[in-house]
2 protein chains.
Amino acid sequence: MGSHSTNTFSPLDSNTFTDESKIVIDFIADYYKNIEKYPVRSQVQPGYLSAELPQSAPYFPESLKDILKDVSNSIMPGLTHWQSPNFFAYFQANASNAGFLGEMLCSGLNIVGFNWISSPAATELESLVIDWMGKLLKLPPSFLFSGNGGGVLHGSTCEAVVCTLAAARDKALKRMGWDKITKLVVYASDQTHATLFKGTKLVGIPSSNIRSLPTSFLSGFSLPPQTLQEAIENDIKSGFYPLFLCATVGTTACGAVDPIREVGEIATKCNLWFHIDAAYAGSACICPEFRHYLDGVELADSISMNPHKWLLTNMDCCCLWVKQPHSLINSLASDAEYLRNSASESNNVVDYKDWQIALSRRFKALKLWVVLRRHGLSNIMCHIRSDVNLAKRFESLVGTDKRFEIVVPRRFALVCFRLKPYNGINGPELNRRLLSAVNESGLFIRCAIGSTLTEERHVNELWKLIQDKAQTILANAAT
Amino acid sequence: MGSHSTNTFSPLDSNTFTDESKIVIDFIADYYKNIEKYPVRSQVQPGYLSAELPQSAPYFPESLKDILKDVSNSIMPGLTHWQSPNFFAYFQANASNAGFLGEMLCSGLNIVGFNWISSPAATELESLVIDWMGKLLKLPPSFLFSGNGGGVLHGSTCEAVVCTLAAARDKALKRMGWDKITKLVVYASDQTHATLFKGTKLVGIPSSNIRSLPTSFLSGFSLPPQTLQEAIENDIKSGFYPLFLCATVGTTACGAVDPIREVGEIATKCNLWFHIDAAYAGSACICPEFRHYLDGVELADSISMNPHKWLLTNMDCCCLWVKQPHSLINSLASDAEYLRNSASESNNVVDYKDWQIALSRRFKALKLWVVLRRHGLSNIMCHIRSDVNLAKRFESLVGTDKRFEIVVPRRFALVCFRLKPYNGINGPELNRRLLSAVNESGLFIRCAIGSTLTEERHVNELWKLIQDKAQTILANAAT
C-alpha cells in the first residue's frame, strides 16, 4: 500500500505520483499501439457495465493494477474508439502528444483561474494564446486583445453560443425592457448545429422565436441572403425584434458554408448580433487556401471554432472571440466580497470568470499553447492538408463506382455520399440498409476524415468495406 | 526533431508520447517537491507575460525542453500556487495522485461521450460513479439511478444551477406561458454564492426577481425559515410566481448551513423547485459526524457538490443529482439527424448531452472513479477529518490570543476570525490593515484549510505570521 495506508495517507506524494503516473503513461501508449485491434464502435449492450463493476465505492484503497485491469476488461469494450484511424463518424476529436502534455501540465498545477489574481499566468497566457490563434486565422485586429477586442477559451460551442446570446439579449433588453424577451428572434440556416436551439432556449428566448431558414441543394445548403432578409422584414412587421444571426463555416451535416459577407451585411444593416460558428472548419482556415471562407468576418460581433475537433488539441477547447468584451462582461460578471481585489478594481486585468458561464476554471490555455508550439504552424497545416487529401482520395474512389454518387460537393475533409436508386428500390431505403450494414463493422456512412492516426490505407480499407456491403445489398435488392 | 519533422509528422506517435509524457511527469513531480519554495500568491504585475513570450505562434515546431523552460521561467512566477500547503485562500482545490491518473486516462482515451452510443462506457461509468457518490452521502434512493432519479458530472456549480433553473423554469412556463418568465422568483439567503445570480440571469429571469434574504450573526448566517415564508407570501400577493429555492450547505463567506428540512418543507408546500448547493461542505458529509447537515435532503429536487474542492479530485468535477431526470431532459435535450441512433430511441440509455449545457463532453467519470477506488472511503474520510482537525487547531490558536476573536462558529475547515477594535480604531479598519499585511506574504485572512499537502506545521507558521503582522499593526495603532 505504501503511502496509501490509512495512518500516513499522502494523496499527493511526489514519489507515488511519479511511479503511478508512468505506469498510466505506458498503459495509454500501449492503447495507441494496439488501437486498430478494437472494433471502432463499441459492441456492448445497454446496462453492460453495472453487471461488471460493484454497486458502491470501496472502503479500502485498491491498487492501480486492479483499477487498470478493470479499465482493460470492462471499460475498453464499452468505448467507441475516437482515436482509431478507422474512426470516420461525427467530426473527429483529434488528440496529439502535445495536447496530452498540455493537459497534464494543467491538471498537475491544478490552479483555479477565475480572476487574474487567482493565478495571473493562467489569465495572461490565455489572452496571449487566443491572440495567437486569432492571428493564425487572420482575424481582423478588432477581435484581438491587441486591438481592443479579445477572446476566451470555452469548453464547447454551446457555451460560446449561450454567452454571446446572453450578451446580445442583455444589450437589447437594457434598451427595451426585460418583458420583450419573448419577442427576440434568432436566425440561422436549417443546417445550423442543434446547440443554437439549445442555447437560445437556455437564455430564455422561446424556441418558437428561432428562424430555421431553409437551404437547398442548389445553394449548397448555405443560407441564401435573400431568405434571411425576408425573414427579418417579416418579423419586424409582426412586432418581433431581430436579435442574433448565427452563420456556420462547415456545417455538421454536410460541411456547408454560409456566405459570411452577404449575410453579415444584412446583420449589420439590421443591427443584429452576428456570430460565426466555425467549430469544425475554422481549423482549416489557418491554411491560406481555406481562409477565404472567413472573408467578411470583420462584419461579425463574435466567432468561435474548436481546436478540439481538428487542431490536435485534446478535449475540450473552444475559442471564442468578441469585438466588444464589455458586452460579454456586462452579462456575465459576478461580484462578491470574497472575489474583490485591487487588480480587478484597477480594470487593468482580464477576469475570465466574467467571460464564461462558470466561476471556476482550469488553466485552459496551457494545452493550446503547447499544441501550437510543439507542433508549429507548419506541421498543423500539413495535418489539415493531409486529411483533406485523404478525403479527396475517398471522394475519387466513390466517383469511380457508378453505383454511388457524391451528395454535396466536398469542401473540407467530410465526404457525403450515397447509393443511387436500384431495381425500383429508392435511394433512402438502400442507404439505410448500407448504413446499417457498415455500422455493424463499427463505421458510419457519413465519412469525416481527420482522426490523428488515419492514413491512406485506412481510407482504402473503408472504401473496400463499403463496396463489399453495397454489393450484398444490391444483390439482395436484385432478387 | 524525430517524429516532428514536417515530412513525417506523427502527432500521436506512441514512442514520442511515452518519452515526452514521462519528462512532463518528472517536471510536475519536481514542482510538488519544491512547491513550498514559491510565494503562494503570485507577485507579478498585470501584463508581465506579454513582455516575456512572443506575440504570435511559431511556424516551426519547438522542443519540449524549450517549452518547459518557459513554463519554469515565465509561467511559474505568475502562478498562485493552489497546491501549496501554505494556500489558505478561497476554498481549496485539492489535487491528488489518483485525480491526476484519472485525468490522464480521460485525456489519453479522448473520447466524446455526448450520447450513449458515442461511447457506452463513458455514460455507464458516470451513472455508476454518481450512484457511488450518492450512496457515500446517504442520499435517498430517489436521487439515484437505482431509484429512478439520477445524476451527472458537471464542471461547476454554476452549470448545475443553470441546468436546474432551466428545468424548473420550463416546467413552470409550460403551464403558464412563456411571457410569465419575468414574473418567476428565485430565493436564497444573502450568503448564497454569486453563481446563483449569474445563473438566474443567464436563464432569462430578471436579476430583480432574486430574493436575497437577510441572515444575521444570530442565526449563524443561515436562512431563517420565517423570512423565506414571508418573502414567498409577499411575492404571491404582488403577482409573482415563486419558482426556485437554493439552500446552501457550507457558504463561501463563512461556512454557514441553511436549515434544510425547515426551508425544504416551505419549498414543498409552496411548490418551489428546491436545490441544495453543497459545493464545499458536501464532501464532509461522507463522514457520519457531518451527515446531519443534509438531513431533510429528501425534500429537495436537486443537490450538487464539488469533489474538485475537497474530495481530492483535480479540477473540474461537480456532481449534480436530480429526482426527476425527465425535467432536466425536457429542458436540455437536443435532437438532430446526425445524433439519431437506435439505442437513444429505445429509451433504455442515458444520453448525457441532455443533462448538461454542452453537447460534447469528455470521459468525465474516470477521474472520480479512480479517486474513489485508489484512495478508498477510509482514506478520504481521514483526509476530511485531518483538515477539520487542523482548522480546530487554528481556531484554538486564535482563541488563546485576546487581541483576536472568532467571527462565526467554525463548522468545517474554514475559520473566520478578526482583530478586535483597539485604541479607538474600529475592527473593520484594523482587519483591512491585517488582511493587506498578511496578503503581502501571499496569504489571506479568511483561513480555509484543505490543501492536500497542508500539515500542522503550515498552520502553526500561518498563525505565527498573522500574530507578527498583527503586532506591528497594533503597535502602529497605539501611537
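The rules behind each value
One numbering rule holds for all chains: residues counted from 1, following each sequence as written. Chains carry letters and ligands carry numbers; both start at the beginning, A for chains and 1 for ligands, and go up in the order they are written. A pLDDT threshold of at least 70 governs which residues receive local features in this predicted model, and a stricter bar of 80 or more applies before side-chain atom pairs are shown or counted, although totals over entire chains, interfaces and linings include all residues. Heavy atoms throughout the structure, all of them, feed into the side-chain values; hydrogens and water do not. Alignment of copies: least-squares fit on C-alpha atoms of residues with pLDDT of at least 70 in both copies. By definition in these notes, contact holds between two residues if any of their heavy atoms fall within 4.5 Å. Each domain's limits were defined by an automated method or a database of domain assignments. The buried label applies to any residue whose accessible area, calculated with a 1.4 Å probe on protein chains only, is under 20% of its type's maximum; exposed applies above 50%, and partly exposed to all values in between. Runs of H or I in DSSP of at least four residues are treated as helices and runs of E of at least two as strands, each being numbered from the N terminus. Pairing between strands requires that DSSP locate at least two bridges from one strand to the other. By definition, the buried area sums, over both parts, the 1.4 Å-probe accessible area that each loses when the two are put together. Any Lys or Arg side-chain nitrogen found within 4 Å of a carboxyl oxygen on Asp or Glu counts as a salt bridge. Definitions used for this entry: grid spacing 1 Å over protein atoms alone; cavity, a set of points where a 1.4 Å probe fits but cannot get out; pocket, an open set with protein on both sides within 12 Å along at least 5 of 7 lines; lining residue, one with an atom within 4 Å of a point. Grid points are joined across faces, edges and corners, and a volume is the space filled by probe spheres set on the points. When residues are grouped by polarity, Ala, Val, Leu, Ile, Met, Phe, Trp, Tyr, Cys and Pro land in nonpolar, Asp, Glu, Lys and Arg in charged, and all others, Gly among them, in polar. Between N-to-C directions, angles span 0 to 180 degrees; the directions come from axes that are lines fitted to C-alpha atoms, helices contributing only their stretch in contact. Note that the term roughly parallel is reserved for angles under 35 degrees, roughly antiparallel for angles over 145, roughly perpendicular for angles of 65 to 115, and oblique for everything else.

Draft legend 1. Spatial organisation of the relation of the copies chain B and chain A. Superposing chain B onto chain A takes a rotation of 180 degrees combined with a translation of 0.0 Å along the rotation axis, leaving an RMSD of 0.1 Å. Viewed as a symmetry operation, the transformation between the two copies matches a two-fold axis. A symmetric contact is evident, with 99% of the interface residues of chain B recurring at the interface of chain A.

Draft legend 2. Up close: the domain arrangement of chain A. The domains assigned to chain A are domain 1 (2-81), domain 2 (111-361) and domain 3 (372-478). For domain 1 of chain A versus domain 2 of chain A, the distance between C-alpha centres works out to 38 Å.

Draft legend 3. Structural context of the pairing of strand β6 (residues 302-305) of chain A. All names here are of chain A. Along β6, one buried face is formed by S302 and S304 and the opposite face, lined by I303 and M305, is buried too. As judged from the 3 bridges shared by strand β5 (residues 273-277) and β6, these two strands associate in the parallel manner. Paired with I276 across the bridge in β6 is I303. In this sheet, strand β7 (residues 318-322) lies alongside β6 in antiparallel orientation, the contact comprising 4 bridges. Within the sheet, the bridge partner assigned to M305 lies in β7 and is C319.

Draft legend 4. Layout of the interface of chain B and chain A. At the interface, 152 residues of chain B touch 151 residues of chain A. For the pair chain B and chain A, the summed buried surface comes to about 13,300 Å²; carbon and sulfur atoms form 67% of the total. Inspection of the chain B/chain A interface yields 12 salt bridges. A salt bridge links K22 of chain B to D26 of chain A; the shortest N-O distance between them is 2.8 Å.

Draft legend 5. Spotlight on empty space enclosed by the protein. This structure, assessed with the given rule, holds 3 cavities of 30 Å³ or more. In this structure, the largest cavity encloses a volume near 650 Å³. If you go around the largest cavity, you meet 38 residues; those closest to its centre are G155 and D316 of chain A together with G155, E159 and D316 of chain B. With 3 residues, the top contributor of residues to the lining of the largest cavity is helix α3 (residues 97-109) of chain B. Split into classes, the residues belonging to the lining of the largest cavity amount to 13 nonpolar, 11 polar and 14 charged.

Draft legend 6. Representation of the packing of helix α5 (residues 157-176) of chain B against helix α10 (residues 325-332) of chain B. All names here are of chain B. Packing of α5 against α10 leaves a shortest axis separation of 8 Å and a crossing angle of 90 degrees. Between α5 and α10, the angle is such that the two are roughly perpendicular. Taken together, the residues of α10 that come into contact with α5 (itself represented by C163, T164, A166, A167, D170 and K171) are S327, L328, S331 and L332. Here the residues of the contact of α5 with α10 sort into 5 nonpolar, 3 polar and 2 charged.

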